[in-house]
Amino acid sequence: MIITNLFINKILFMIEMLAGLYVFSHKMKKKQKPAIRYIASISVCLLIAVFYPLVKDVSYSWWYISLMYFIFAIVSCLTLPFIYEISWKQVLFFFIVAYTAQHFAYQLNTVLSLACGLINSYQSAYNGDNLLEDGGLLVLRLTLTTVVFTLVYVTVYIAFISRVIKKDLSINNMEILIISGIALIIDILVNAVIVSYGKDLMDVIEYMICLYSLINCFVILFLLYFVLRSKNLQKDLDVSSFLLNEAEKKYTQMKNNVDLINIKCHDMKQQIIAIGQNRSINQEALQDMTEAIQIYDSTMHTGNDAVDIILVDKKLNCNQLQINLKCYADCSKLNFMSDSDIYSLFGNAIDNAIEATSKISDPSKRLINLFVKNINNFISIRFENYFSGEIKFDSDGHPKSTKTNDGYHGFGIKSLEMIVDKYHGNHLIKINDDIFSFNIFFPLNEQNNEEL
């Protein structure tokens, strides 16, 4: 087997594509036994690259080489659904980003190789010359390629991928993906045609070809970044608007609670005046006073003032709706969180539970439980409540906002997730029969201590 430039380059291309795909997508949810899936995927792809036929004359035409690389790119992308829980829209996104980054790195590597004299012509990848005849240049070229691709991939990941992918990747604008993909393919084909037919290109023209491709790749990545970043900002704006509306609702609710307290206080005042005037008081009025006092005697002692205030307010609301709110909480170590975040976290979670529980007709199941425990170096928070009907989840794992989802609206859960992420925590939603539980775990580490 003759080791030509093209033979080495086709193997390098497959390695470069796989490296880009796996680096950019590594935060996606993996399937079981990911290590075995990685090894199997890489092995199959490399075998395809090694044994892909290179026929004399035909193999070195621009269309055959372009088709070969495109097939390699598709094959490498087909490994993503085998490794990750991923949609085809997300596969298309990673395909475009990885292929664009690979093409950018390749062009940059070509420019540097030309400048350093490691290759004689931009057409070196399109001929059948024996690569081993270059002697020691092989090691230098492979070293330069490794360094360039590593720097480009790390830069793309830090500047682009890490900013648009957090816990999920929602792709809605397919038009942008399609346009970006078409632009990339056109650039690659035009580049291949120019190199194939542009024999004995002048140095200036070779550099211009590379510069043209570099600019195109940058524009494609910037376009994708701008669209996805704008989408994330819109999502944050929607969440902020939702929280503002919820704050207004909470104010109205608290005002209603205060009005209720004022009415009850007025009634109790009249009863006390009657007692002071030695007038008789019937048992029914006495029972009303006892129940009222029990409602107001709702002082909580969880170890955190903000939580205590929230629970008193929510308990009044639960009493109005005939819901039993039980609390088993030690919140003494929640001082790393701001009062506003505590209010949002506990307030939204309990409001969701109240809305779900209020729709249950069985009095024994109109129950909400709150558990807060300190376990080793973690704080465990669990909200539990019964629900009726069926809870359906979207592709991001959020309960869908429908009439039968018992109040667990998408933005409500997302707003809770934002707070959990802010303090480096994790959350887990569980459904056991007709019991819904929202579980949160916060680490008691230096990161959270710095929030103080």
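Residues numbered from 1 in each chain as written. Predicted model: local features only at pLDDT ≥ 70, side-chain atom pairs only at ≥ 80, totals over all residues. Heavy atoms only, no water.

Draft legend 1. Summary view of the pattern of salt bridges. Per the stated rule, a full pass over the model turns up 5 salt bridges. Between Lys 422 and Asp 341 there is a salt bridge, and its shortest N-O distance comes to 2.8 Å. Separated by 81 residues along the polypeptide, Lys 422 in helix H12 (residues 410-422) and Asp 341 in helix H11 (residues 339-357) bring together distant segments of the chain. With relative accessibility at 10%, the residue Asp 341 sits in the buried group. As a salt-bridge pair, Glu 384 and Arg 382 come within 2.9 Å of each other at their nearest N and O atoms. Arg 382 gets classed as partly exposed once you look at its relative accessible area, which sits at 24%. (Salt bridge = Lys/Arg side-chain N within 4 Å of Asp/Glu carboxyl O. Helix = DSSP H or I, 4+ residues; strand = E, 2+ residues; numbered from the N terminus. Buried < 20%, exposed > 50% of the residue type's maximum accessible area, 1.4 Å probe, protein only.)

Draft legend 2. Examining the packing of aromatic side chains more closely. Under the counting rule described, the total for this entry stands at 17 aromatic pairs. Measuring from centroid to centroid gives 5.8 Å for Phe 149 and Tyr 153, while their planes differ by 85 degrees, and the two rings are edge-to-face. With Phe 149 and Tyr 153 both in helix H6 (residues 137-164) and 4 residues apart, this pair spans about one turn of that helix. When sorted by exposure, Phe 149 lands in the same class as Tyr 153, which is buried. Here the aromatic cluster, defined as three or more aromatic residues joined through ring pairs, consists of Phe 13, Tyr 69, Phe 70, Phe 95 and Tyr 99. Taking the ring centre of Phe 82 as reference, the NZ or CZ of Arg 37 above it sits at 4.8 Å. The cationic tip of Arg 382 hangs over the ring face of Phe 371; the distance from NZ or CZ to the ring centre is 4.3 Å. (Phe/Tyr/Trp six-rings, centres within 6.5 Å; stacked < 30°, edge-to-face > 60°. Lys NZ or Arg CZ within 6 Å of the ring centre and 35° of its normal.)

Draft legend 3. Region of the structure containing the pairing of strand S5 (residues 435-443). The buried fraction of S5 is high, at 7 of 9 residues. Two strands pair when backbone bridges link them, and strand S3 (residues 378-386) and S5 are joined in this way by 9 bridges, in the antiparallel orientation. Across the sheet, the residue bridging to Tyr 386 is Ile 435, located in S5. Judged from the 7 bridges that link them, strand S4 (residues 426-432) and S5 form a sheet pairing that is antiparallel. The partner of Leu 428 across the bridge, within S5, is Asn 439. Turn length for the S4-S5 hairpin, with the two strands adjacent in sequence and antiparallel, is 2 residues, and the turn residue Asp 433 shows positive phi of about 60 degrees. (Pairing = 2+ DSSP bridges.)

Draft legend 4. Main features of the confidence of the model for the protein chain. With 64% of its residues at a pLDDT of at least 70, the protein chain reaches an overall mean of 76. Long-range and interchain partners of residues 402-410, a stretch whose pLDDT sits below 50, account for 31 contacts in this model, where long-range means more than four residues apart. (pLDDT = per-residue confidence, 0-100. Contact = heavy atoms within 4.5 Å.)

Draft legend 5. The environment of Ser 380, seen in detail. By secondary structure assignment, the location of Ser 380 is in strand S3. When its relative accessible area of 14% is taken as the criterion, Ser 380 is described as buried. Taking C-alpha positions, Ser 380 is 9.0 Å from Pro 443, a pair spaced 63 residues apart along the chain.

Draft legend 6. Geometry of the packing of helix H1 (residues 5-25) against helix H3 (residues 62-77). Following both chains from N to C, one finds H1 and H3 inclined at 30 degrees, their axes separated by 9 Å at the closest point. You can see that H1 and H3 cross each other, and the crossing is right-handed. Residue-level contacts link Leu 6, Asn 9, Lys 10, Phe 13, Met 14, Met 17, Leu 18 and Leu 21 of H1 to Ile 65, Met 68, Tyr 69, Phe 72, Ala 73, Ser 76 and Cys 77 of H3. Here the residues of the contact of H1 with H3 are counted per class, giving 12 nonpolar, 2 polar and 1 charged. (Axes fitted to C-alpha atoms, helices over the stretch in contact; angles between N-to-C directions. Left-handed = near helix turned anticlockwise from the far one by under 90°. Nonpolar A, V, L, I, M, F, W, Y, C, P; charged D, E, K, R; others polar.)

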